[in-house]
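The residues making up each chain are set out below.
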Amino acid sequence: MKRFYLLLALVLTVLSSQGQVQIQRPPEKTRMLFLLDASGSMYANWGNSVRMDVAKNMLAELVDSLKVDKQLELALRVYGHQYNLRYKNCQDSKLEVPFAPNNHDRLMAKLRQIQPSGVTPIAYSLEQAANDFTNDPEYRNVVIIITDGIESCGGDPCAVSLALQEKNIFLKPFVIGLGMDKDYRDEFACVGQYYDARNVNDFRQVLNKVLKQSLETTTVSVELLDHQKRPSETNVNVTFYNNFTKSPIYDFVHFRDAQGRPDSVVLDAVLSYDVVVNTIPPVVKRNIVFEGGKHNVLPIQAPQGNLLLSQKGHTEYAGGVRALIRQNNKQEILNVQEVSTAEKYLMGTYDVEVLTLPKTYLKDVKIQQGETTRLAIPGPGVLNANIVTQGYGSIYKVHDNGFQEWIYDLEKDKTRFTLALQPGKYKMVFRAERSFGSKYTEVKEFTIATGSTVSVKFFGL
């Protein structure tokens, strides 16, 4: 029995050390804050009614219809309704109905009481809205701004919205503009996802669309296409970034089943995304909005092939051999690849800089879809240097045209060393520390061949 309990303790220890798998999907519960404009301009006529009356009536209908959703809590914040326009009170914003279960009737009753009056402190209201949500990871926080005008108090709604999203206070807000002209619509592009309600029917449709984006399950499958636009690529990490805050939201390693179909993932349709396929180099699709409440398919062309680097005798280099991979005629290093390994790259043309001594340059290397490009790098030989005394010197590569290229400085305190060098002609130049003049410089030429060993000795004149 004692042995059994020891085994059980060991199993539990191992399981706890492995941690838990994080399931990447939006929380099932939602808190939705309506931020309603009640500034004086909401008295304007809209069709056969008044903007404020239309907004209140439709919002009340919407709230009533949401009573059946037990995973949803609602709240109402109103601005511009407590002080007359002549006071220009830029702190006229109040949480009229806080979040609570089953507060729908209270919210509808409050809507009936609200009358437009003052200014439009949108930035201040967004700042105050940060205090309306409690910190609870089980909830998504959604803000729906309903307005007929832009900020009138000198605030910066865009900066406030971005700052609060970066702090994960709420998701990217929805902004519903009531009868606004184009100039105003452009003002809200940086605040959140803007919807234009030019008339009463538009407003009803927009409210329904916002609900679908906010509350209904949204799935996405990413099709990674080859050069013939067939969904044949897979096993690549795909990252979904918040397009607004640029922070990573989801990471998935792409998967296709036995029939070649990509699987589906659940995403939050409230956000817009930058989708990055982490190939070398990465493929990026920016500002992608997925339709809420349905399955979305996102095709991305990412054809790949393999690059295999090989070098006989590469272990002669003490630290191994690596290669810097760049896109053709570009300076940015895409990858550092070990010799004797294969890596995948997007189909295209690349430049390869192999960190041998001296460096080996291979330009215009073609990577083809589904194929392996093999690059065989000449193997090195070995230089054994024996120097009787300490001193100063360098090694040069001598090219066929007579040009000599510096490649290595001797270490002053090392009198014996072994160095791997690529095949070719070389020159070693040395002057002993104890010598009294440049005229005592010694020069020796030698040739390195693959797999050979060459010994060079200096006596120090």
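This is a predicted model, so every value here is computed, not measured.

Peer 1: I'm lost on the overall build of the protein chain in this one. Help?
Peer 2: Scanning the protein chain for helices and strands turns up seven helices and 29 strands. Relative to its length of 461 residues, the protein chain is extended, with a C-alpha radius of gyration of 34 Å against a globular reference of 23 Å. Principal axes of the C-alpha set define a box for the protein chain whose edges measure 105 × 70 × 55 Å. Per-residue burial for the protein chain yields a buried fraction of 47% across its 461 residues. Once local pairs closer than 6 in sequence are excluded, the contacts in the protein chain between residues at least 24 apart make up 67%.

Peer 1: Would you explain unusual backbone geometry in this entry?
Peer 2: Glycine aside, residues mostly have negative phi, and peptide bonds are mostly found in the trans state. Geometrically, the link from Ile 280 to Pro 281 is a cis peptide bond, its omega value of -10° lying close to zero. For Pro 281, the position within the fold is in the loop between strand E13 (272-277) and strand E14 (283-289). At the junction of Leu 357 and Pro 358, the peptide bond is cis and its omega measures out at -5° in the coordinates. Turning to its location among the elements, Pro 358 is positioned in the loop between strand E20 (348-354) and strand E21 (360-367). Residue Asn 102 is not a glycine yet carries a positive backbone phi of 55°. Counting through the fold element by element, Asn 102 comes out in the loop between strand E5 (93-100) and helix H3 (104-113).

Peer 1: When you look at the side chain of Glu 151 in this model, what are you seeing that I'm missing?
Peer 2: Note on placement: Glu 151 falls in the loop between strand E6 (139-147) and helix H5 (157-166). Summary of buried charges: Glu 151 has no salt-bridge partner, and the nearest side chain of opposite charge, Arg 77, is 12 Å away. A distance of 2.8 Å separates a polar side-chain atom of Glu 151 from the backbone nitrogen of Ala 123. Side-chain polar atoms of Glu 151 contact the backbone nitrogen of Gly 155, separated by 3.2 Å. Non-local contacts of Glu 151, meaning those with residues more than four positions away in its chain, are made with Thr 120, Pro 121, Ile 122, Ala 123 and Pro 157.

Peer 1: Looking at this structure, how should I read the sheet that holds strand E12 (residues 265-267)?
Peer 2: Backbone hydrogen bonds hold the strands of a sheet together, and the pairing may be parallel or antiparallel. A sheet is described by the order of its strands in space; here three strands give the open sequence E12-E9-E15, paired in mixed fashion. Each edge of the sheet is formed by a strand with only one pairing partner; in this case those strands are E12 and strand E15 (295-301). With direction set aside, neighbouring strand axes in the sheet form an average angle of 40°. Direction of pairing for strand E9 (residues 218-225) relative to E15: parallel, over a ladder of seven bridges. For Ser 221, the partnering residue across the bridge sits in E15 and is Val 297.

Peer 1: What exactly am I supposed to notice about the packing of aromatic side chains here?
Peer 2: For any two aromatic rings, the description comes down to two numbers: the centre-to-centre distance and the angle of the planes. Taken as a whole and judged by the stated rule, the model has 15 aromatic pairs. Residues Phe 240 and Phe 252 carry aromatic rings whose centres are separated by 6.0 Å and whose planes lie at 75° to one another, so their mutual orientation is edge-to-face. One end of the pair, Phe 240, is in strand E10 (residues 237-242); the other, Phe 252, is in strand E11 (residues 248-253), and 12 residues separate them in sequence. Taken together, the ring pairs in this structure connect Phe 240, Tyr 250, Phe 252, Tyr 273 and Phe 290 into an aromatic cluster. Above the plane of the ring of Phe 458 lies Lys 444, whose end atom (NZ or CZ) is 5.2 Å from the centre.

Peer 1: How do you make sense of the packing of helix H2 (residues 51-65) against helix H7 (residues 200-215) when you look at a structure like this?
Peer 2: Helix-helix packing is characterised by the crossing angle of the two axes and by the distance between the axes. The N-to-C vectors of H2 and H7 enclose an angle of 35°; their axes lie 11 Å apart at closest approach. Remark: the crossing between H2 and H7 carries right-handed chirality. Here Val 54, Ala 55, Met 58, Glu 61 and Leu 62 of H2 lie close against H7, whose contacting residues are Val 200, Phe 203, Arg 204, Leu 207 and Leu 211. Residue composition of the contact of H2 with H7, grouped by class: eight nonpolar, no polar and two charged.

Peer 1: Please explain the state of the cysteines as it appears in this structure.
Peer 2: Two cysteines form a disulfide when their sulfur atoms are joined by a covalent bond. All told, the structure shown has two disulfides when counted by the stated rule. Covalent S-S linkage joins Cys 90 and Cys 153, the inter-sulfur distance amounting to 2.2 Å. Every disulfide takes its handedness from the sign of the S-S torsion; for Cys 90 and Cys 153 that torsion is -85°, giving left-handed. One end of the pair, Cys 90, is in the loop between strand E4 (72-79) and E5; the other, Cys 153, is in the loop between E6 and H5, and 63 residues separate them in sequence.

Peer 1: I keep staring at the sheet that holds E6 and nothing clicks. Help me out?
Peer 2: With respect to topology, six strands assemble into an open sheet ordered E5-E4-E1-E6-E7-E8, the strand pairing being mixed. Looking at which strands have only one partner, the edges of the open sheet turn out to be E5 and strand E8 (193-197). Neighbouring strand axes in the sheet, compared pairwise and without regard to direction, differ in orientation by 15° on average. Where H2 meets the sheet, it contacts strand E1 (29-37), E4, E6 and strand E7 (174-178), and its direction lies at approximately 165° from that of E1. Contacting E1, E4, E5 and E6, helix H4 (residues 122-129) crosses the sheet at an angle of about 145° to E4.

Peer 1: I'm lost on the nonpolar core in this one. Help?
Peer 2: Inside soluble globular proteins, nonpolar side chains tend to come together where they are buried. By size, the foremost hydrophobic cluster in this structure holds 97 residues, and its most contacted members are Ile 176, Phe 203, Phe 240, Met 428 and Phe 446. Looking at which element gives the most residues to this core, the answer is H2, with eight residues. Ignoring anything within four residues of it in the chain, the contact list for Phe 446 reads Leu 383, Ile 395, Leu 421, Gly 424, Lys 425, Tyr 426, Lys 427, Met 428, Val 454 and Val 456. Grouped together as the second largest cluster of nonpolar side chains are 22 residues, Leu 33, Val 143, Cys 158 and Met 180 included.

Definitions and limits used
- Residues numbered from 1 in each chain as written.
- Predicted model: local features only at pLDDT ≥ 70, side-chain atom pairs only at ≥ 80, totals over all residues.
- Heavy atoms only, no water.
- Helix = DSSP H or I, 4+ residues; strand = E, 2+ residues; numbered from the N terminus.
- Rg over C-alpha atoms; globule rule 2.2 N^0.38 Å.
- Buried < 20%, exposed > 50% of the residue type's maximum accessible area, 1.4 Å probe, protein only.
- Contact = heavy atoms within 4.5 Å.
- Lys, Arg positive; Asp, Glu negative; His and termini not counted.
- Salt bridge = Lys/Arg side-chain N within 4 Å of Asp/Glu carboxyl O.
- Polar contact = N/O pair within 3.5 Å; in protein donor to acceptor, adjacent residues only side chain to side chain.
- Pairing = 2+ DSSP bridges.
- Axes fitted to C-alpha atoms, helices over the stretch in contact; angles between N-to-C directions.
- Phe/Tyr/Trp six-rings, centres within 6.5 Å; stacked < 30°, edge-to-face > 60°.
- Lys NZ or Arg CZ within 6 Å of the ring centre and 35° of its normal.
- Left-handed = near helix turned anticlockwise from the far one by under 90°.
- Nonpolar A, V, L, I, M, F, W, Y, C, P; charged D, E, K, R; others polar.
- Disulfide = S-S within 2.5 Å.
- Core = buried A, V, L, I, M, F, W, Y, C linked by side-chain atoms within 4.5 Å.

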